[in-house]
Amino acid sequence: MRCLAIVFALSALAAQSPAPRTGTLCSVAGRVVNEATGGPLRESTVALRPEGASSLPFITETDTQGRYEMVGIEPGRYTATAVRAGYIESAYGARRPGSPGITLVLDPGRPSTGVDFKLKAHGVIAGRVFDIGGEPCEGAIVVLMRPAYVNGRQSLKRIDSASTNDSGDYRIWGVPPGRYYIAANLNFSGMLGFTSLSGSGAVNVGEPVYRPTFHPSTLDEAAAEPIEVSSGAAASADVRLAPARSTRIRGRVIDHTARTGGSIIVEAVAATPAQVARAVRTTAKPDGEFELEGAPSGKCWLAARTSGGGVVTSAHRLVELNGESMENVVLTLGAAAQVSGRVRTEEGTRTPPNLRALQVALLAVEPPASNLPVNSKAPEAAVADSGAFTMSGVNPEAYLVNVNGLSGPWYVKSIRMGETDALEKALDLSGGAPATLEVVLSDRGGAIQGSAGALGVTVALVPQDAKHRQQASWYRATPTDRDGNFSLTGLPPGAYKLFAWEDVEDGAWMDPEFLKPLESKGKPVTVEPGGSEKVELNPIP
């Protein structure tokens, strides 16, 4: 987003670029141009980074014709990026800003030419924020968001933010072209949350309070109006803050944590995306009773947490507030669980993988708002040479299990905890971990190779089974390489459809509504254990 800062940072690293080592060295050359005009972009910074290494990048700048060349580079796998002041940073092979691009493979002694970049000029969003009376708001917080897909669900992702000046004006620059949403709220005493219209901290039940408001003036995310930003252009978006009604929440926290010391914090935050609002909070009494003042009407996350003994445990629920008192709310804190397990390979496997490269992670099925500080880090554990792993202090709720770090033909064949098949349903740890988590790996994963005809095409593998379409672990995606080819390995056996897009939002293929009109465009393919398929695809425009 801040292209100029990136240029300065990369320029500072240029003098520290890694020195060539012995061996047959390579070179990389190409051009950087303006995507809209095709004209050369001089003094653009091009960086080449070794994949999976901590080495400093190779860095150079383009000449007056937008050309660059790097020499004395060790063979290997690299990522390449280009950036220039006033333009959005782009990865090589990426079809849109922010996409990861492709891996550039440098073969010993071979020059790699035509590594070109087309940069988009950044845009600007500017406007004013007004209070309920139409007066400009000084010091309001404005948040820029854009739609993004997470596990097949579209939500708004925070991109940037700004504060208004004494005239209520804000300006956000360095914005890639695309569709965005704006939300704003007041910021009294450093608290972006639920604020009395008078600006005082105390509010009464039913009194109007501010909560995050979407452009042009709505509390409803679904009713927000999008803002289109074009390359090199400025867009305008004003926000008139809309009031909600203050609600009092009374209830009790039931504590089963057996904690020693520490207190129980209870907090509420508007159920709006991307950290637009912060929480209002209170401390529960020793008997667990609590009272929260000033939460606004509408959907809110209500959460309780404690950190007694250094272990954080939490409970949360989504509530609908109507501007009146909400009584007898109960939140139950369960004891933190310890999850122990073992990763092993199925019988008949000849070459076990490097188990130390693997991590087992738990992903909450119903995570609370990202701006609630409750167990924000997903539980994870490294796997030992023996295959053993342990996670301590796991919050007692439902989780999906991920195994990260697999490569080649390996895939997760089964995950079980007692009678629970964790590949088919979530693990319920609300009562603790009843058994050891057993993970079985197989090297009989299938493979699909093929071509989609061009560089940077997104190829996505989608399961045909309706149940598996609800599970992220059954999906795969990859961009095509410089020759338009792709390869997918370590695939669980089963029936799939293969899709290719010239340009698509990351993860969109997991959204049933997005995929429904495109089903006929997918090419059916069956993956057999240890099998390999070759497929030619025509990209969807």
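Residues numbered from 1 in each chain as written. Predicted model: local features only at pLDDT ≥ 70, side-chain atom pairs only at ≥ 80, totals over all residues. Heavy atoms only, no water.

Lay out the overall build of the protein chain in plain terms, naming residues and giving numbers.
A tally of regular secondary structure across the protein chain gives 2 helices and 43 strands. Within the protein chain, contacts between residues at least 6 apart in sequence are counted, and of these 72% link residues at least 24 apart. (Helix = DSSP H or I, 4+ residues; strand = E, 2+ residues; numbered from the N terminus. Contact = heavy atoms within 4.5 Å.)

Describe the sheet that holds strand β23 (residues 280–283), naming the residues involved and giving the relevant values.
Strand order in the open sheet formed by 4 strands is β23-β22-β25-β26, and the pairing between neighbours is antiparallel. Strand pairing shows two members of the sheet lacking a second neighbour, β23 and β26 (313–321), which therefore form its edges. Averaged over all pairs of adjacent strands, the angle between strand axes in this sheet comes to 20°, irrespective of strand direction. Where strand β22 (residues 264–270) and strand β25 (residues 298–306) come together, 7 bridges link them in antiparallel fashion. Each residue of the ladder has a partner; that of Ile-264, found in β25, is Thr-306. (Pairing = 2+ DSSP bridges. Axes fitted to C-alpha atoms, helices over the stretch in contact; angles between N-to-C directions.)

Let's hear about the packing of aromatic side chains: which residues, and what values?
Inspection of the entire model under this criterion finds 6 aromatic pairs. When the ring of Tyr-92 is compared with that of Phe-117, the centres are 6.0 Å apart and the planes differ by 65°; the resulting orientation is edge-to-face. One end of the pair, Tyr-92, is in the loop between β6 (90–91) and β7 (104–106); the other, Phe-117, is in strand β9 (residues 117–119), and 25 residues separate them in sequence. On the basis of relative accessible area, Phe-117 is assigned to the buried category, the value being 2%. Centre to centre, the rings of Trp-474 and Tyr-496 are 6.3 Å apart; their planes meet at 35°, and the pair counts as tilted. Note that Trp-474 is positioned in the loop between β38 (458–463) and β39 (476–479) and Tyr-496 in strand β41 (residues 494–501), a separation of 22 residues in sequence. (Phe/Tyr/Trp six-rings, centres within 6.5 Å; stacked < 30°, edge-to-face > 60°. Buried < 20%, exposed > 50% of the residue type's maximum accessible area, 1.4 Å probe, protein only.)

Requested: an account of the confidence of the model for the protein chain, with residues and values cited.
Per-residue pLDDT for the protein chain averages 86, and the proportion of residues at 70 or more is 87%. Segment residues 188–201 is flagged for pLDDT under 50; beyond a separation of four residues in sequence, or across chains, it makes 42 contacts in the model. (pLDDT = per-residue confidence, 0-100.)

Explain the pattern of salt bridges to me, and be specific about the residues and the numbers.
Applying the stated rule across the entire model yields 21 salt bridges. Glu-51 is the salt-bridge partner of Arg-77, the closest N and O atoms lying 3.0 Å from each other. Taken together, the positions of Arg-77 in strand β5 (residues 76–83) and Glu-51 in the loop between β2 (45–50) and β3 (58–61) put the pair 26 residues apart, joining distant regions of the chain. Taking the relative accessible area as the measure of exposure, Arg-77 reaches 46% and is therefore partly exposed. Connected through shared salt-bridge partners, Arg-248, Arg-250, Glu-291, Glu-293 and Glu-327 make up one network. (Salt bridge = Lys/Arg side-chain N within 4 Å of Asp/Glu carboxyl O.)

Summarise the nonpolar core; cite the residues concerned and give the values.
Side chains of a nonpolar character, in soluble globular proteins, are inclined to be buried together. Counting 25 residues, the largest nonpolar core has Val-343, Phe-389 and Leu-437 as the members making the most contacts within it. Counting only elements with at least two residues in this core, the list comes to β28 (337–345), β29 (359–364), β31 (388–394), β32 (398–404), β33 (411–417) and β36 (437–442). Residue contacts for Phe-389: discarding those within four places in its chain leaves Val-339, Ser-340, Gly-341, Arg-342, Val-343, Val-360, Ala-381, Ala-382, Val-383, Leu-437 and Val-439. (Core = buried A, V, L, I, M, F, W, Y, C linked by side-chain atoms within 4.5 Å.)

Provide a residue-level description of the side chain of Ser-112, including the pertinent values.
Along the polypeptide, Ser-112 turns up in strand β8 (residues 111–112). For Ser-112, a relative accessible area of 7% puts it in the buried group. Those residues in contact with Ser-112, other than ones at most four positions away along the chain, are Ser-27, Val-28, Ala-29, Leu-104, Leu-106 and Arg-482.

Can you explain unusual backbone geometry? Please cite residues and give values.
The phi angle of most residues is negative, glycine excepted, and most peptide bonds adopt the trans form. With an omega of 5°, the peptide bond between His-215 and Pro-216 qualifies as cis. With respect to the secondary-structure elements, Pro-216 resides in the loop between β17 (213–214) and β18 (227–229). The residue Glu-43 is not glycine, and still its phi comes out positive at about 60°. The phi dihedral of Asn-328 is positive, around 60°, even though this residue is not glycine. Relative to the helices and strands, Asn-328 is located in strand β27 (residues 326–333).

Talk me through the sheet that holds strand β34 (residues 420–421); I want residue IDs and the actual numbers.
With mixed pairing, the 5 strands of this open sheet are ordered in space as β31-β28-β36-β33-β34. Strands with a single pairing partner mark the edges of an open sheet, and in this sheet they are β31 and β34. Alignment of β28 against β31, held across 5 bridges, turns out to be antiparallel. Following the sheet pairing, Arg-342 is matched in β31 by Ala-388.

Describe the environment of Ser-90, with residues and values.
If you trace the backbone, Ser-90 turns up in strand β6. Along the primary structure Ser-90 and Val-46 are separated by 44 residues, whereas in three dimensions their C-alpha atoms are 9.7 Å apart. Ser-90 has contacts with Ala-80, Thr-81, Ala-82, Phe-117, Lys-118 and Leu-119, leaving out every residue within four places of it along the chain.

Quick one: what's the story with the pairing of β33, residue by residue and with numbers?
The pairing of β33 with β36 spans 6 bridges and is classified as antiparallel. Bridge assignment links Met-417 to a residue of β36, and that residue is Leu-437. The pairing of β33 with β34 spans 2 bridges and is classified as antiparallel. Within β34, the position partnered with Met-417 by the bridge is Thr-420.

Could you give an account of the environment of Arg-96, naming the residues involved and the relevant values?
Here Arg-96 lies in the loop between β6 and β7. Each C-alpha atom, one on Arg-96 and one on Gly-178, is 9.6 Å from the other, the two residues being 82 residues apart in sequence. Excluding its chain neighbours within four sequence positions, the residues that come into contact with Arg-96 are Asp-503, Val-504 and Glu-505.

Please give an account of a nonpolar patch on the surface that cites residues and values.
Where nonpolar side chains cluster on the molecular surface, the patch consists of Leu-363, Val-365 and Leu-400 and spans about 210 Å² of accessible area. The topology assignment puts Leu-400 in strand β32. (Patch = residues over 30% accessible without salt bridge, like charges linked within 9 Å, V, L, I, M, F, W, Y side chains within 5 Å. Areas by Shrake-Rupley, 256 points an atom, 1.4 Å probe, with all protein chains shown as cover.)

Please provide a residue-by-residue account of the pairing of β22, values included.
Of all the 7 residues making up β22, 7 are buried; the element is thus mostly covered by neighbouring parts of the structure. The alternating pattern of β22 places Ile-264, Val-266, Ala-268 and Ala-270 on one face and Ile-265, Glu-267 and Val-269 on the opposite face, and all of these are buried. The pairing of β22 with β23 spans 4 bridges and is classified as antiparallel. Along β23, the bridge assignment pairs Glu-267 with Arg-281.

Give a description of the environment of Lys-523 that names residues and reports values.
Along the chain, the position of Lys-523 falls in strand β42 (residues 523–527). Remark: the alpha-carbon pair of Lys-523 and Leu-537, spanning 14 residues in sequence, is separated by 7.8 Å. Leaving out residues up to four positions away in the same chain, Lys-523 has contacts with Tyr-496, Lys-497, Leu-498, Val-535, Glu-536 and Leu-537. At a separation of 2.6 Å, a polar atom in the side chain of Lys-523 contacts the main-chain carbonyl oxygen of Glu-536. (Polar contact = N/O pair within 3.5 Å; in protein donor to acceptor, adjacent residues only side chain to side chain.)

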